[in-house]
Amino acid sequence: KTATDLISRFHSVDYIYENLDTLDIKDGVRKKLADGRESAFLSRELGTICRTAPINENISDYKTGERNDKELARLMTRLEFFKLMEKMGLTPDNTSFQTAIDLSDVKSFCKTEDNCLKSEKQLDIYIQDGKSALVCGEKVCFADEQTLKAVLTSADISKRVYDYKNLYKACTDICKVKFDAMLAAYLCNPSASSYSAERLIKEYVTQETKTDFEDEILKNACLFSLACDTLERELEATGQKKLLDEIEIPLARVLGSMELCGFLADSKGLGALSKELGARIKVIEREIYDLVGYEFNLNSPKQLGMALFEKLGLPAKKKTKSGYSTGAEVLEGLRYAHPAVSLLLSYRQLAKLKSTYADGLRDCVASDGRIHSTFNQTEARTGRISSSEPNLQNIPIRQELGRTLRKAFTPEKSEDFLIGADYSQIELRVLAHMSGDKHLISAFNAGEDIHRSTAAKVF
């Protein structure tokens, strides 16, 4: 408003600043203009279309030419636009991985008799739509359920697989898994959006192949084997093979056993907590209605906005086309403006505890009385494990009700107990070790508060 008024009256930023001391404006506006002089001119520069940019002025050069499929495929493969490539009829270009192989090498796969590979010493196992295929060298065949189990449990056969953790959950006797393509792809590119077998085949198959298979599963099994070859070369080149062998693959087995075991949960206790929270929510609802003067839907931003900013007359921070903003940030700023706001924040907190945790966790308790969460090994870009369905890593602990929720997880036997353990500032300790920084190392060795000692040194 103020800027529009100034420009309509004085027409330009230059004129305003040339005559700032004599303009007919309020002293407060004059001070703001003086303080923001540099920002004003920079904003004008940024908002002005540059008409002197060095561009090609030959219009004919801008006509659309023939599509360069080779360069486009290379670019889109690097940017991981695989879905878009499918729509455009392009084949992924994996030349960045082809430095270690002879580009003239064409691999020809042949189908052998069913189950004839089960005596081999090394196999690639590919499973799709409930069907299994085995690959050894350039030979491939289907495997029935009995053969697959025999291969998985054989200590004489070295195996390359996809998603070792879930294979372990299906067959806990599985052994001698030397390679997991999903985990390898995660180590090669921890920021990828997907590690599906289909995606890995598109991204990491570098060789031309010849197959006469009509069956898609056999064809994909051969391509999966080639993708494993590429991934192994990549891990060797980046020095991460040891990380896969000694940390990620053993960890997958541990996580699989954790998921199978599950966590004993007190379903009755969660039900009782849900009832208690429900009763407290009803009391708060009634108090809010009494303060506002009428009943309305507390979960409707539109109705809540009208109640707070029109009926109670509280100062509105933001307003959009759909109504007033009633987000947590807005309400926190109004916490002491009216008692209804503080009650509303409590209502939201209790409602989340009830729906997401008390009711949500109770619904996840299986028939064995346990919660079987999924631990995701390829989710976090930092290498950490995440938890889902349900997420057991974000159960609140700072409030008393949150601590009550944690009591729902109980040990197997009455004489047992649960331990919560966490690394203390592990990243900073690793940083101190790798950097050799004397200040960090001495602070940790002395048991100091690392943030306090760092701030003291800085300031």
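This one's a predicted model, so the numbers in the text were calculated from it and none came from an experiment.

What counts and what doesn't
- Here the residue index of a chain counts from 1 through its sequence in written order.
- Per-residue local features of the predicted model are confined to residues with pLDDT of at least 70, and side-chain atom pairs are confined, for both listing and counting, to 80 or more; whole-chain, interface and lining totals are unaffected and use all residues.
- Side-chain measures were taken over the full set of non-hydrogen atoms in the model, leaving aside hydrogen atoms and water.
- Residue burial is assigned from relative accessible area. The probe radius is 1.4 Å, only protein chains are included, and a residue is buried under 20% of its type maximum, exposed over 50%, and partly exposed in between.
- Helix numbers and strand numbers start at the N terminus; a helix is a DSSP run of H or I with at least 4 residues, a strand a run of E with at least 2.
- At least two DSSP bridges between two strands are needed for those strands to be called paired.
- Residues belong to one nonpolar core when they are buried, are Ala, Val, Leu, Ile, Met, Phe, Trp, Tyr or Cys, and are joined through side-chain atoms within 4.5 Å.
- Contacts were defined at the residue level, with two residues in contact if any of their heavy atoms lie within 4.5 Å.
- Neither His nor the chain ends is counted toward charge; the positive residues are Lys and Arg and the negative residues Asp and Glu.
- Whenever a carboxyl oxygen of Asp or Glu lies within 4 Å of a side-chain nitrogen of Lys or Arg, that contact is scored as a salt bridge.
- Pairing of N or O atoms within 3.5 Å defines a polar contact, subject to two protein rules: one partner must be a possible hydrogen donor and the other a possible acceptor, and residues neighboring in sequence count only if both atoms are side-chain atoms.
- Pairing of aromatic rings covers Phe, Tyr and Trp, the last through its six-membered ring, and needs centres within 6.5 Å; plane angles under 30 degrees mean stacked, over 60 mean edge-to-face, and all others mean tilted.

Caption draft 1: Up close: the pairing of strand β4 (residues 131-136). Of all 6 residues in β4, 5 are buried, a share of seventy percent or more. In this structure, strand β3 (residues 122-128) lies alongside β4, joined through 5 bridges in antiparallel fashion. From the neighbouring strand, tyrosine 126 faces β4, where its bridge partner is alanine 133. Following β3, the chain reverses through 2 residues before pairing antiparallel with β4; aspartate 129 in that reversal takes a positive phi of roughly 55°. Of the strand pairs in this sheet, β4 and strand β5 (residues 139-143) are connected by 5 bridges, and their pairing is antiparallel. Across the sheet, the residue bridging to leucine 134 is cysteine 141, located in β5. Joining the antiparallel neighbours β4 and β5 is a turn of 2 residues, in which glycine 137 adopts a positive phi near 65°.

Caption draft 2: Structural detail: the nonpolar core. By size, the foremost hydrophobic cluster in this structure holds 54 residues, and its most contacted members are Leu134, Tyr164, Phe179 and Leu244. Looking at this core element by element, the count peaks at 11 residues for helix α11 (residues 216-238). In this structure, phenylalanine 179 is in contact with Lys159, Arg160, Val161, Ala184, Cys228, Leu231, Glu232, Leu235, Leu244 and Ile249, ignoring residues within four places of it in sequence. Grouped together as the second largest cluster of nonpolar side chains are 37 residues, Leu314, Tyr324, Leu343 and Leu350 included.

Caption draft 3: The side chain of aspartate 163, seen in detail. Inspection of the secondary structure assignment puts aspartate 163 in the loop between β6 (158-161) and α8 (164-170). Of the side chains with opposite charge, lysine 165 comes closest to the buried, unpaired aspartate 163, at an N-O distance of 5.8 Å. A distance of 2.7 Å separates the side chain of aspartate 163 from the side chain of asparagine 166, its partner in a polar contact. Setting aside its immediate chain neighbours within four residues, aspartate 163 contacts Asp180 and Met182.

Caption draft 4: Fine view of unusual backbone geometry. The omega angle of the peptide bond from glutamate 389 to proline 390 is -5°, so this bond is cis rather than trans. The phi dihedral of glutamate 80 falls on the positive side, at around 65°, and the residue is not glycine. Take glutamate 80: it is sitting in the loop between α5 (69-78) and α6 (82-88). Under the relative-accessibility criterion, glutamate 80 is labelled partly exposed at 23%. For aspartate 129, which is not glycine, the phi dihedral falls at a positive 55°. With respect to the helices, strands and loops of the structure, aspartate 129 is situated in the loop between β3 and β4.

Caption draft 5: Representation of the packing of aromatic side chains in the model. Across all of its chains, the model carries 8 aromatic pairs by this definition. With 5.5 Å between their ring centres and 45° between their planes, tyrosine 126 and phenylalanine 224 make a pair best called tilted. Within this pair, whereas tyrosine 126 is found in strand β3, its partner phenylalanine 224 is found in helix α11, the two being separated by 98 residues in sequence. With a relative accessible area of 6%, tyrosine 126 lands in the buried category. Given the relative accessible area of 2%, phenylalanine 224 is considered buried. Summarising the aromatic geometry, the rings of tyrosine 294 and phenylalanine 296 are spaced 5.6 Å apart at their centres and angled 55° between planes, so their arrangement reads as tilted. With relative accessibility at 32%, the residue tyrosine 294 sits in the partly exposed group. Judged by relative accessible area, phenylalanine 296 falls into the buried class, the value being 8%.

Geometric values such as these leave the question of function open.
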